[in-house]
Amino acid sequence: MRLQWLDAVRRTWLLYHLADPDFAFMYDPPPEGEWVALDTETTGLDVHRDQVVSIGAVRIVGNRLLTSQRLELLVRPERAMSAASVRIHQLRERDVAHGLDQEKAMRRLLEFIGSRPLVGYYLEFDVAMLNREIWPLLGVRLPQPKIEVSSMYYDWKNRQLPAHERGNATIDLRFATMMNALGLPLREAHDALNDAVMAGLAFIKLRWLLGEG
């Protein structure tokens, strides 16, 4: 009961400080058994200076990845992209020149996510990049629960080790290694939607392997 009261107080406080009440839905209880797999591509890897240039997101319901319910956005950055980032994601400045501005892209993304938990591979980086744009817009950061696929994979691999090695062994968390171990197909990497789809598939498979699905 006390936890429910604290949650209600926290939600009231957050809504009071929300710059745009139209986004209060982010604090609603999430639809049961639904998640959103998410990935971004950026102008670089500096979370303090770089910006998002593309967003890929796809909904998960139960043990199904609903590619018909997906979001794919090009986003126009306010600063030049580095040559290194262009080599990685193959998006040139002219490719994103007619993309959405940052504010419109964030609003589209938030409407797509709703209150669903977020799923991703090294999701912390994507969330940090998105929060840089969402904070000035709404005065809050992404409040949805976050689920890290590489942590799920570590738990699954760790369970397979002899008892005396668990928690101490080095486990290869590279994306290609993980997908291969899970018997899942690798799409072309560094495409936001492809990466979101692959992370979503890994999440579904790992939930089953961990007895959560």
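You'll find the structure just up there.
Residues numbered from 1 in each chain as written. Predicted model: local features only at pLDDT ≥ 70, side-chain atom pairs only at ≥ 80, totals over all residues. Heavy atoms only, no water.

## Details of the overall build of the protein
A tally of regular secondary structure across the protein gives eight helices and five strands. Ordered by position from N to C terminus, the α and β elements of the protein give α-β-β-β-α-α-α-β-α-β-α-α-α. In the protein, buried positions account for 46% of the 213 residues. Looking at the protein alone, contacts between residues at least 24 apart form 66% of all its contacts between residues at least 6 apart. (Helix = DSSP H or I, 4+ residues; strand = E, 2+ residues; numbered from the N terminus. Buried < 20%, exposed > 50% of the residue type's maximum accessible area, 1.4 Å probe, protein only. Contact = heavy atoms within 4.5 Å.)

## So, helix H6 (residues 149-159)
When we look at burial in H6, the residues that qualify are Val149, Ser150, Met152, Tyr153, Trp156 and Asn158. Of the surrounding elements, those touching the buried residues of H6 are strand E4 (118-120), strand E5 (146-148), helix H7 (175-181) and helix H8 (192-209).

## Quick word on the pairing of strand E3 (residues 64-74)
Here eight bridges tie strand E2 (residues 52-61) to E3, and the two strands are oriented antiparallel to one another. Bridge pairing in E3 links arginine 59 to leucine 66. Counted along the chain from E2 to the antiparallel partner E3, the turn is two residues long, and its residue glycine 62 has a positive phi close to 60 degrees. (Pairing = 2+ DSSP bridges.)

## Re the packing of H6 against H8
Between H6 and H8, whose axes approach to 10 Å, the crossing angle comes to 35 degrees. For the pair H6 and H8, the sense of crossing is left-handed. In this structure, H6 contributes Val149, Met152, Tyr153 and Trp156 to the contact, and H8 contributes Ala199, Ala202, Phe203, Leu206, Arg207 and Leu209. Of the residues in the contact of H6 with H8, the class split is nine nonpolar, no polar and one charged. (Axes fitted to C-alpha atoms, helices over the stretch in contact; angles between N-to-C directions. Left-handed = near helix turned anticlockwise from the far one by under 90°. Nonpolar A, V, L, I, M, F, W, Y, C, P; charged D, E, K, R; others polar.)

## As for the pairing of strand E1 (residues 34-42)
For E1, a buried count of nine out of nine residues is recorded, marking the element as mostly surrounded by other parts of the structure. Neither face of E1 is left uncovered, since the one carrying Glu34, Val36, Leu38, Thr40 and Thr42 and the one carrying Trp35, Ala37, Asp39 and Glu41 both have all their residues buried. Where E1 meets E4, two bridges bridge the pair, whose relative direction is parallel. Its bridge partner being in E4, alanine 37 is matched across the sheet by valine 119.

## Describing the sheet that holds E4
Pairing is mixed in the open sheet, where five strands are placed in the order E3-E2-E1-E4-E5. Where the open sheet ends on each side, the last strands, each with one partner, are E3 and E5. Looking at each pair of strands side by side, their axes are set apart by 25 degrees on average, direction ignored. The sheet contact formed by E1 and E2 spans nine bridges and is antiparallel. Paired with glutamate 41 across the strands is serine 54, a residue of E2. Running over the sheet, H6 touches E4 and E5 and is turned about 50 degrees from E5. Along the sheet, H8 contacts E1, E2, E3, E4 and E5; its crossing angle with E2, the most-contacted strand, is approximately 30 degrees.

## Description of the pattern of salt bridges
For side chains of opposite charge, pairing can occur when their charged atoms come near one another. Applying the stated rule across the entire model yields three salt bridges. Notably, a salt bridge pairs arginine 107 with glutamate 103, separated by 3.2 Å at the nearest N-O pair. In this pair, arginine 107 and glutamate 103 are both assigned in helix H4 (residues 102-113), four residues apart and thus about one turn of the helix distant. Under the relative-accessibility criterion, arginine 107 is labelled partly exposed at 23%. On the basis of relative accessible area, glutamate 103 is assigned to the partly exposed category, the value being 43%. (Salt bridge = Lys/Arg side-chain N within 4 Å of Asp/Glu carboxyl O.)

## Here we look at the packing of aromatic side chains
Taken as a whole, this structure holds five aromatic pairs when the rule is applied. On the basis of an interplanar angle of 65 degrees and a centroid distance of 5.0 Å, the ring pair of tryptophan 35 and phenylalanine 203 is categorised as edge-to-face. Here phenylalanine 203 lies in helix H8 and tryptophan 35 lies in strand E1, a separation of 168 residues in the sequence. Judged by relative accessible area, which is 11%, tryptophan 35 ranks as buried. Judged by relative accessible area, which is 2%, phenylalanine 203 ranks as buried. Measuring from centroid to centroid gives 5.9 Å for tyrosine 153 and tryptophan 156, while their planes differ by 50 degrees, and the two rings are tilted. With tyrosine 153 and tryptophan 156 both in helix H6 and three residues apart, the pair spans about one turn of that helix. Each of the two residues, tyrosine 153 as well as tryptophan 156, counts as buried. Through successive ring pairs, a cluster of aromatic residues spans Tyr121, Tyr122 and Phe175. Between arginine 59 and the ring centre of phenylalanine 112, over which it is positioned, the NZ or CZ distance is 4.2 Å. Looking at arginine 141, its charged tip hangs above the ring of tryptophan 135, at a distance of 4.4 Å from the centre. (Phe/Tyr/Trp six-rings, centres within 6.5 Å; stacked < 30°, edge-to-face > 60°. Lys NZ or Arg CZ within 6 Å of the ring centre and 35° of its normal.)

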